[in-house]
Amino acid sequence: MADAYPTTWKRPPQIVTDRRWRLALQIGVVLYLVLAIGTLEVDWARVAAGLERGQRFVMGFLTPDFTSRWIDIRQGLIESLTMTLTSTVIGVIISVPIGVGAARNLAPRAIYYVCRGIIAVSRALQEIIIAIFLVAMFGFGPFAGFLTLSFATIGFIAKLLADDIEEIDEAQAEAIRATGASWWQLVNYAIQPQVMPRLIGLSLYRLDINFRESAVIGIVGAGGIGATLNTAIDRYEYDSAGAILLIIIGIVMVAEYGSSYLRKFLQ
Amino acid sequence: MLHLKGLGKTYKTGDTALSDVTLSVPKGQIMGLIGPSGAGKSTLIRCINRLVEPTAGAVLLGDIDLAKLGKRELRRQRRRIGMIFQEYALVERLTVMENVLSGRLGYVPFWRSFLRRYPPADIRNAYRLLDRVGLMDHADKRADALSGGQRQRVGIARALAQEPELLLVDEPTASLDPKTSRQIMRLLTEICAERDLPAIVNIHDVPLAQQFMQRIVGLRAGRVVFDGAPETLTEAALTEIYGAEDWHAMRAGDAEQAEAEAEAKARMEALA
């Protein structure tokens, strides 16, 4: 007996089910892309000049000069590393209570909204914007950078910590609650052991991000290696700039491997 | 010892999990609570220590109505009720000793628990309990390094560390193999007998319940539909609790299990 089951099958459309709408949307997207590219004005002479400069930059990069600006570079590095470490430590210390307060399963409603608000503000403002603002307030130098990075760390760590606390194994918390434990004891016995490895991992990751950010915010005046790099580029000293970039890359790689090794060790 | 009077729980969604449950558990009695999934077994024992808030009725432990207590007083009263969980609910990353000592959390101030500086009597008692459940050598291991049966023993030691007057036991054997299940049930019944402790045991393994419980209460859709000695749990009663099913097949399977267990036991004795 020949069975009547079909031999072809097509995945049904998931979003726009009407065929005509689908076609219209696809054509519309392509049309818009073509028109948008058409409005870009490309000055090819300027591109050629830029390529030439780029070439000089690459040449400088290939012959890095560590020595002639070494004192500036060293000072910038020390500032950057100091900024990175202090802002990470302070940022994490402030983040922990905010993170606990922003966990729906631990905090009362009012505190929850306040803490989530702080996190939202910290995350909404990009590091460079805060740095410009704080440099205007406290003047050029690493203090503004330290404040910027601490502030950014709060948004990062507190949010991820809060999300992690919300995803803990509730059974363990229930068991601790059933013994008659207080709220602090609950946090210490049921929550902390579950989130601690991740908190340490996140802090190390943030340390590494803060170092990279310290190079960026230096450009807007918040001190550190970024300021040194900016000066070198302004003076057309591409060989010194190349040296600085190589040092930044080196340190980021060391931090990256170091923190991933440590995180693996902690698991 | 424990009296439930007209206990009811209706969830915010409008589902009624318990209605008008009235029960008394005297000192030293081990009561098995059986019933199909969703019958309200878990809700019932959680209403007693108010991990779930009951919406009607009274929970009298001694003279105190637990259903009426404020937060602080509830925490104090929870110390009198030890609880043992289905998936052990140990804090996995803490040591076995810390898990047992966490049974003392309701008795010690925060700084002691934070610094792990428990009073000497608590520590001695924790060791004694670990020895009682046969885990003396495992005190410093992390809880997640233990097997299922061992973890449940730690769970029992944690509940006993509270020096409870009542044990609530939620599906203690649901994630254990048949042999370990029986060992755990035997340990529980022995401990209750030693201390004259009453216990309410949620259990969905009927033969196991009949073997170890002194009294069985059957729950169906949040109501008590059976209450009596294990011998009086007839097929008619089981059908009343669970609906129609072939109870003979289940009992035959249990006979097989009992034989296997007897053999394993004989082998263990030969080893010892």
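The rules behind these values
Residues numbered from 1 in each chain as written. Chains lettered and ligands numbered in written order. Predicted model: local features only at pLDDT ≥ 70, side-chain atom pairs only at ≥ 80, totals over all residues. Helix = DSSP H or I, 4+ residues; strand = E, 2+ residues; numbered from the N terminus. Rg over C-alpha atoms; globule rule 2.2 N^0.38 Å. Buried ≥ 20, exposed ≤ 12 C-beta atoms within 10 Å, placed from the backbone. Contact = placed C-beta atoms within 7 Å. Expected span 1.5 Å × (residues − 1). Axes fitted to C-alpha atoms, helices over the stretch in contact; angles between N-to-C directions. Parallel < 35°, antiparallel > 145°, perpendicular 65-115°, else oblique. Left-handed = near helix turned anticlockwise from the far one by under 90°. Nonpolar A, V, L, I, M, F, W, Y, C, P; charged D, E, K, R; others polar. Pairing = 2+ DSSP bridges. Core = buried A, V, L, I, M, F, W, Y, C linked by C-beta atoms within 7 Å. pLDDT = per-residue confidence, 0-100.

Thoughts on the overall build of chain B
- Scanning chain B from N- to C-terminus turns up ten helices and ten strands.
- Taken against the 2.2 N^0.38 rule, which gives 19 Å for 272 residues, the C-alpha radius of gyration of chain B at 19 Å falls within 12% of a compact globule.
- Here the C-alpha coordinates of chain B stretch approximately 55 × 55 × 30 Å along the principal axes.
- Out of the 272 residues in chain B, the part that is buried amounts to 41%.

Considerations on the overall build of chain A
- Helix and strand counts for chain A come out as ten helices and zero strands.
- Computed over the C-alpha atoms, the radius of gyration of chain A is 26 Å, more than 25% above the 18 Å expected from 2.2 N^0.38 for a compact globule of 267 residues.
- Along the longest, intermediate and shortest principal axes, the C-alpha atoms of chain A span 75 × 65 × 40 Å.
- Looking at chain A as a whole, 36% of its 267 residues qualify as buried.
- Within chain A, contacts between residues at least 6 apart in sequence are counted, and of these 72% link residues at least 24 apart.

Some thoughts on helix α10 (residues 238–266) of chain A
Residues and elements named next belong to chain A.
- The first and last C-alpha atoms of α10 sit 41 Å apart over 29 residues, in line with the 42 Å expected at 1.5 Å per residue.
- Within α10, the full set of buried residues consists of Y238, D239, S240, A241, G242, A243, I244 and I247.
- Taken together, the buried residues of α10 touch α2 (44–62), α3 (70–101) and α9 (225–234).

Looking at the packing of helix α7 (residues 170–178) of chain A against helix α8 (residues 183–217) of chain A
Residue and element names in this part refer to chain A.
- It is the contact of α7 with α8, at a shortest axis distance of 9 Å, that shows an interaxial angle of 165 degrees. On the basis of their axis angle, the class for α7 and α8 is roughly antiparallel. The interaxial crossing formed by α7 with α8 has right-handed handedness. Every residue of α8 that contacts α7 at Q172, A173, I176 and R177 is listed here: L186, Y189, A190, I191 and Q194.
- Here the residues of the contact of α7 with α8 are counted per class, giving six nonpolar, two polar and one charged.

A few points about the interface of chain A and chain B
- Contact with chain A, which involves 18 residues of that partner, is made by 21 residues of chain B.
- Mapped onto the side of chain A that touches chain B, the elements with two or more residues apiece are α7 and α8 of chain A.
- For the side of chain A that touches chain B, the class distribution of residues is nine nonpolar, seven polar and two charged.

Section: the sheet that holds strand β5 (residues 64–65) of chain B
Residue and element names in this part refer to chain B.
- Taken in spatial order, the four strands line up as β2-β1-β4-β5 in an open sheet, and their pairing is antiparallel. Since the sheet does not close on itself, it has two edges, and those belong to β2 (16–25) and β5, each with one partner.
- Note that strand β1 (residues 2–10) and strand β4 (residues 56–61) share five bridges and pair antiparallel. What sits directly across from G8, in β4, is A56.
- Here helix α1 (residues 41–48) sits on the sheet in contact with β1, β2 and β4, set at roughly 60 degrees to β2.

Brief notes about the nonpolar core
- In this structure, B:M31, B:V100, B:A157, B:L168, B:A199, B:I200 and B:V201 are the most contacted members of the largest nonpolar core, which totals 114 residues.
- Among residues more than four places away in sequence, those in contact with B:I200 are B:V25, B:M31, B:L33, B:I45, B:L168 and B:V169.

Regarding the packing of helix α5 (residues 127–138) of chain A against α8(A)
Residues and elements named next belong to chain A.
- With their axes 10 Å apart at the nearest point, α5 and α8 run at an angle of 55 degrees to one another. Comparing their axes, α8 and α5 come out oblique. Judged by the twist between their axes, the crossing of α5 over α8 is right-handed. From α5, E127, I128 and A131 reach across to α8, where they touch E213, V216 and I217.
- Split into classes, the residues belonging to the contact of α5 with α8 amount to four nonpolar, no polar and two charged.

Describing the confidence of the model for chain B
All names here are of chain B.
- The pLDDT averaged across chain B works out to 88; a share of 94% of its residues lies at or above 70.
- When pLDDT is averaged over each helix and strand of chain B, the minimum, 69, is found for helix α10 (residues 247–271) and the maximum, 95, for helix α3 (residues 96–101).
- Across the predicted assembly, pTM comes out at 0.81 and ipTM at 0.84.

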